[in-house]
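# Commentary on secondary and tertiary structure
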Amino acid sequence: MPSWIAEYPLLAALLALVGLGAPFGALLGFAAVRFRTEGNPIADEINAILPQTQCGQCGFPGCRPYAEAIAGGEAINKCPPGGESTIQALADLLDVEAPPLDEEHGEEKVKAVAYIREDECIGCTKCIQACPVDAILGAAKQMHTVIASECTGCDLCVEPCPVDCIDMIPQPESLQTWHWQMPAQRSNNLEIIATDATPAERAA
Amino acid sequence: MRRVHDFHGGIHPAENKHQSLQQPIRNAGIPPQLILPLSQHIGAPARPVVAVGEQVLKGQLIAEPGGHVSVPLHAPTSGMVSAIEDRPIPHPSGFPAPCIVIDCDQEDRWAPLQGVANYRDCEATELLELIRAGGIAGMGGAGFPTAVKLAGKPGRAVKTLIINGTECEPYITADDSLMRERATDIVEGIAILQHILQPQEVLLGLEDNKPEAIAALRAATAGSTIEVVTFPTKYPSGGEKQLIEILTGQQVPSGGLPGDIGIVCQNVGTAVAVRDAICHGRPLLSRITTVTGDAVEAPQNFEVLLGTPMQYLLELAGLHPERCKRLVMGGPMMGFTVTTVQAPIVKTTNCILAPTAAELPPPPPAQPCIRCGLCAEACPASLLPQQLFWFAQGKEFEKLEQHKLFDCIECGACSWVCPSHIPLVQYYRASKADILEQRREHAKSEQARQRFEARQVRLAQEEEEREAKRAARKAAAEKRAELAAQGDAEDPIQAAIERAKAKKAAQQDGQPVAASVSPEAALRQKLAKAEQRLAQSVASGEDAKIVSALEASVERLKGKLAEAESAATESGAT
Amino acid sequence: MALMRVSSPHAHGSYSTGMVMRQVLLATLPGVFMLTLFFGFGTLINVAWACLVGIAFESLALFLRGRSLTFYLKDCSALVTCVLLGIALPPYAPWWLIAVGVAAAILMAKQLYGGLGYNPFNPAMVGYVVLLISFPVQMTAWAPPRGLADVPNLWEALQACFLPAQFDGVTMATPLDILRQNQGLLMEDLWAQTPQFGRWAGIGWEWVNLAFLAGGLWLLYRRIFTWHAPVAMLASLTLMSALFYAGGSSSSGGSPLFHLLSGATMFGAFFIVTDPVSSAVSVRGRLVFGALIGVLVYLIRVWGNYPDAVAFAVLIANFAAPFIDHYTQPRVYGHGKSGGTG
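Here the structure is a predicted model, which is why all the values come from computation and not from measurement.

About the criteria used
- Residues numbered from 1 in each chain as written.
- Chains lettered and ligands numbered in written order.
- Predicted model: local features only at pLDDT ≥ 70, side-chain atom pairs only at ≥ 80, totals over all residues.
- Helix = DSSP H or I, 4+ residues; strand = E, 2+ residues; numbered from the N terminus.
- Rg over C-alpha atoms; globule rule 2.2 N^0.38 Å.
- Contact = placed C-beta atoms within 7 Å.
- Buried ≥ 20, exposed ≤ 12 C-beta atoms within 10 Å, placed from the backbone.
- Nonpolar A, V, L, I, M, F, W, Y, C, P; charged D, E, K, R; others polar.
- Domains from an automatic or database assignment.
- Pairing = 2+ DSSP bridges.
- Axes fitted to C-alpha atoms, helices over the stretch in contact; angles between N-to-C directions.
- pLDDT = per-residue confidence, 0-100.
- Core = buried A, V, L, I, M, F, W, Y, C linked by C-beta atoms within 7 Å.
- Parallel < 35°, antiparallel > 145°, perpendicular 65-115°, else oblique.
- Left-handed = near helix turned anticlockwise from the far one by under 90°.
- Right-handed = clockwise from strand over helix to strand, strands pointing away.

This next bit is on the overall build of chain B. Summing up its helical and strand segments, chain B has 17 helices and 17 strands in all. In terms of overall dimensions, chain B is more spread out than a globule: its C-alpha atoms have a radius of gyration of 42 Å, far above the 25 Å expected for 574 residues. Principal axes of the C-alpha set define a box for chain B whose edges measure 135 × 65 × 50 Å. The contacts of chain B with a sequence gap of at least 6 include a subset with a gap of at least 24, amounting to 71%.

Written out as structure tokens, the structure is:
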């Protein structure tokens, strides 16, 4: 071992760090070029989680723009149609705390489908222009109707209708959609510490 | 002796089968009214082919299959169709569903039946069509259309035909009594299935707790290629997947069907129904149903017409309504509660269980899971129920799928052993439904996204087109303005024509051009000439440039003419 | 006729959590009897006092959490924790030591995590380790067994617990201590020179361990737990001690029989390792979990710095339990064996 290393430990440490830093830096730089990703995949992933109602309640013109905004640092709790489950999924994806839904943008509602009272429809096509997913059929002066299976329940067609003939009808449970619900959680409450009893439990 | 295999887990609940085996199968007779749900099977509901008020005969088709995976429905007795409407059906939801209601005339008049004299002369496809027309769906409890199951996937040979006589659920003895009393019918039915499937081996599996049935079947199968295999009693050995493992040592691949490993399973009741349909042309009109539980006076097996209200049957067995707080269709392990006795017996009703509260006490409140692992020991699918429960509580769907939630057969063994009385199966059912719903939602949102994006593209395109048109119009207008500003002289052809015309006119009239002729007339003349020239050039196929220039000049002249005319009329008016 | 709607299954087996816990309590009796026989009433008083304090703490915690007292006390899980802790503590421990231990076990290790079923660590062992680290002197003072010294009578024992200042107890190194501190004596000579080593593993200790073994076997017979974790632990401990026996030389770690029958081996194997809440869940997982504890017990006993090792070994294995679970998932029906023969 050369004697100067022992004499100048600072220099030696510096050299060692540089010696380590340079190749690793080069490796990282190479990796950045070699494995470059195209576009903004995180926005795509976020977009896949969003409910695609395209309702604009978040303040962005559609789900894709909101996804891009989230990727850019926007709050994740502005999507009422997605509700808690979407916020949770976004929080998991982005590895952040899941905040409660921002009430400013609306409340989580039961899924509904738009229904046009066809007798009252005057055929103005305003709802057709408003529908973000082309789920309304019709033409000028012709009665319109909603393709129920394509309707996202975004509410956007209700406002423009000049004769208020569009209702948002919640989807009823049927024999086909019925299933067992989770058992009422009495003692298996997952919340912990002092306040974890449900109100009903405390009353009991 | 065939070596039988064991499957993982399993439990030994109290059998409680002796109560309903005291008497032979009893005919339940004809109730005043039959209620026939259009969907008594897995698949599309049947479509009614009768109208309200129509008289029907026993065995007459009253609803046709609603799709490929569907079965028809026949009138179980003669009478009049009094309604086609929503009625309570045996379903855990308690929701009503469309039913055909028949008011029975008690005469039991048959429609003409046409059996096959010798099924061995028939092609398999013919027999399958007869089975389908007979309205037969799996009688074991699931109710999958039998013809569809037998047809399998084309080109796949069936190695083993398994006939399921296990009946591992406590209380139920419908198959047991059928095997005791109608062993020869079963064997005939199996022979038909054999003829259809051409399997290498036929195994009739049943638990060793049914000695009479075993003896009867051994006697009936003597000399045939059917092998009666018995194995130790353990719940749920009658589950299709478990029975396959017991008899063959093979496991059905996850998400696959027994057909994938060359196996077809059929219930003994189904075999009898197939025999009736083929040999006698008799469609599925009745079935054997066990009515049992401490709340009925005389537990026993009934041969009962499909559509018979449960109330009628329970009263025949001597129900004490005050003792009965829960009514189960099926067994105590996998059956579901029925909330009204008005619900009818359907093709899959193997048992009506009317227990007292002492017999099957209401579930006590659940205690916390202590991860004792009894459930994992009992699980016939080798799952980790306690982990699944944990994830189900937290709605961690991804973890649930990782832990193979969808391989759960909902047999209830885990709940049965759970010392904390946790309704595990309910957690799994709810989680499965939630996951499926999430998948559906996701598919729907994906479609919405595509539609939204398609719309965006379309709007952008329309906008672009509009923009393009606007730009084109603007360009044309500019060009016109330019031309107008520079005057006709710019156009050499036009200028030449003008000059020539002017000269000619001067020669003809000998007068100055402008003074004598009114401006409109001159323009009209010019226009006529220009049009003539244009027609000539188009006809002789001149250069496109010239043609377009001529067209432009014609247009211009028309414009000028219109202007001049309007000016003239104006001046005339003033 | 009002008919209820519930999900299947409608039938239920005869097990219940309370019953499981009561069986465990019952199974500790032979061991407690042997401890009392050889070391006097100390353990009995430990257990009784721990139970009293434990119920009080459990009730307090449940009350603060707004839970039904009767419903949750009925499961007897607090009693089991307290009995196990009382057995593990040295006899003639002062009342406050026991109370601190129980508080750590019930309040900290159990209720703060959400109560029964949610505790990642074995509560009794958390209580024990908290005490061992905080009060090493009191915790390493084991009374000598009957035959080597006078065993205090009941009055003296009560005095030791509740008026510790007036009690002048005798303590003596346990065989495990002596073995660890052995410097240069052959095993044979050590055995001959030290009165504490009885026939196999120490006067009293060998019978205490056999009694706990008997209790554990009874629990196995009653199918309260499976054999996998305890057997794996005992097997790995045997294997380790056989590997490092070194022919009984002065550097030997002690014979397999010695390790199996001394200290808290059997008590740990059948009453601590088998705690289902904090252990691994699958069959293979429990084998790994038990084996890990066996190895750790040996390592800490022979090369560690504490008189006995079960508590630390169990807590370390508790840490590893989720990890073990992750890698020992059983093969689910229809996965990976498609069409194969069984």
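Scanning chain A from N- to C-terminus turns up 7 helices and 4 strands. Secondary structure of chain A in N-to-C order comes out as α-α-α-α-α-β-α-β-β-β-α. By residue count, 25% of the 204 residues in chain A fall in the buried class.

On the side of chain C, 38 residues touch chain B, which itself brings 61 residues to the contact. Of all elements in the fold, only helix 6 (240–248), strand 15 (327–329), strand 16 (336–338), helix 9 (374–378), helix 10 (385–393), helix 12 (413–417) and helix 13 (424–486) of chain B reach the threshold of two or more residues within the side of chain B that touches chain C. Residues that form the side of chain B that touches chain C fall into these classes: 33 nonpolar, 19 polar and 9 charged.

This part takes up the domain arrangement of chain B. By the assigned domains, chain B splits into domain 1 (18–353), domain 2 (366–486) and domain 3 (492–573). Its C-alpha centre places domain 1 of chain B at a distance of 96 Å from the equivalent point of domain 3 of chain B.

So, about the sheet that holds strand 6 (residues 73–74) of chain B. Residue and element names in this part refer to chain B. Ordered in space as 3-5-6, the 3 strands form an open sheet in which the pairing is antiparallel. Unpaired on one side and paired on the other, strand 3 (47–48) and strand 6 mark the two borders of the sheet. Where strand 3 and strand 5 (residues 61–64) come together, 2 bridges link them in antiparallel fashion. In the strand pairing of strand 5, arginine 47 is matched with glutamate 64.

The next subject is the sheet that holds strand 17 (residues 351–353) of chain B. Pairing between sheet strands relies on hydrogen bonds along the backbone, with the strands arranged either parallel or antiparallel. All names here are of chain B. Taken in spatial order, the 6 strands make up an open sheet running 1-14-13-17-15-16, and their pairing is mixed. In the strand order of this sheet, the two ends are held by strand 1 (26–27) and strand 16, each with one partner. As judged from the 3 bridges shared by strand 15 and strand 16, these two strands associate in the antiparallel manner. Across the sheet, residue valine 328 finds its bridge partner in strand 16, namely threonine 337. Sheet strands in contact with helix 3 (residues 174–181) are strand 13 (286–292), strand 14 (300–305) and strand 17, and its direction is about 125° off that of strand 13.

Glancing now at the confidence of the model for chain A. Per-chain confidence: chain A averages 81 in pLDDT, with 88% of residues scoring 70 or above. The low-confidence segment residues 186–204 of chain A, where pLDDT is below 50, has 29 contacts with residues more than four positions distant or belonging to other chains.

Moving on, we get to the nonpolar core. Among the nonpolar cores identified, the biggest contains 143 residues, and C:Leu85, C:Met125, C:Ile293 and C:Val314 are the most heavily contacted of them. Counting 105 residues, the second largest nonpolar core, distinct from the first, contains B:Ile196, B:Val229, B:Ala277 and B:Cys351.

Chain-level statistics for chain B give a pLDDT mean of 88 and a share of 95% at 70 or above. Both confidence scores are given for the complex: pTM 0.81, ipTM 0.85.

A few words now on the environment of C:Thr171. Residue and element names in this part refer to chain C. Mapped onto the fold, threonine 171 is located in the loop between helix 9 (154–162) and helix 10 (175–180). Here threonine 171 falls in the partly exposed class, since 15 other C-beta atoms lie within 10 Å of it. Along the sequence, threonine 171 and threonine 43 sit 128 residues apart, while their C-alpha atoms lie 15 Å from each other.

In this section: the pairing of strand 2 (residues 33–37) of chain B. Residue and element names in this part refer to chain B. Across the 5 residues of strand 2, 4 count as buried, placing the element largely inside the fold. Relative to strand 8 (residues 96–104), strand 2 runs antiparallel, the two sharing 5 bridges. When the bridges of strand 8 are listed, proline 37 appears paired with cysteine 99.

For the bond from B:Tyr235 to B:Pro236, the omega torsion is -5°, close enough to zero to count as cis. On the secondary structure map, B:Pro236 appears in the loop between strand 11 (226–231) and helix 6. With an omega dihedral of -5°, the bond running from C:Ser8 to C:Pro9 counts as a cis peptide bond. Structurally, C:Pro9 can be placed in the segment before helix 1 (17–27). Here the phi dihedral of A:Lys141 falls at roughly 65°; this positive angle occurs in a residue that is not glycine. Turning to its location among the elements, A:Lys141 is positioned in the loop between strand 2 (136–137) and strand 3 (145–146). Not every positive phi belongs to a glycine, and A:Asp155 is a case in point at roughly 80°. Relative to the helices and strands, A:Asp155 is located in the loop between strand 3 and strand 4 (166–170).

Okay, the packing of helix 5 (residues 77–88) of chain C against helix 6 (residues 95–110) of chain C next. Residue and element names in this part refer to chain C. At their nearest, the axes of helix 5 and helix 6 sit 10 Å apart, and the two run at 140° to each other. Relative to helix 6, the element helix 5 is oriented oblique. Crossing handedness for the pair helix 5 and helix 6: right-handed. Counted together, Ala78, Thr81, Cys82 and Leu85 of helix 5 and Gly101, Val102, Ala105, Ile106 and Lys110 of helix 6 form the full contact between these two elements. Its residues assigned to classes, the contact of helix 5 with helix 6 comprises 6 nonpolar, 2 polar and 1 charged.

You can read the domains of chain A as domain 1 (3–34), domain 2 (41–105) and domain 3 (110–171). Computed over C-alpha atoms, the centres of domain 1 of chain A and domain 2 of chain A are 43 Å apart.

All right, on to the pairing of strand 11 of chain B then. Regular strands have side chains that alternate between both faces of the sheet. All names here are of chain B. Where strand 10 (residues 201–207) lies against strand 11, 6 bridges are found, and the strand directions are parallel. Across the sheet, valine 202 pairs through a bridge with isoleucine 226, a residue of strand 11. The β-α-β motif built from strand 10, the intervening helix 5 (residues 211–221) and the parallel element strand 11 has right-handed crossover chirality.

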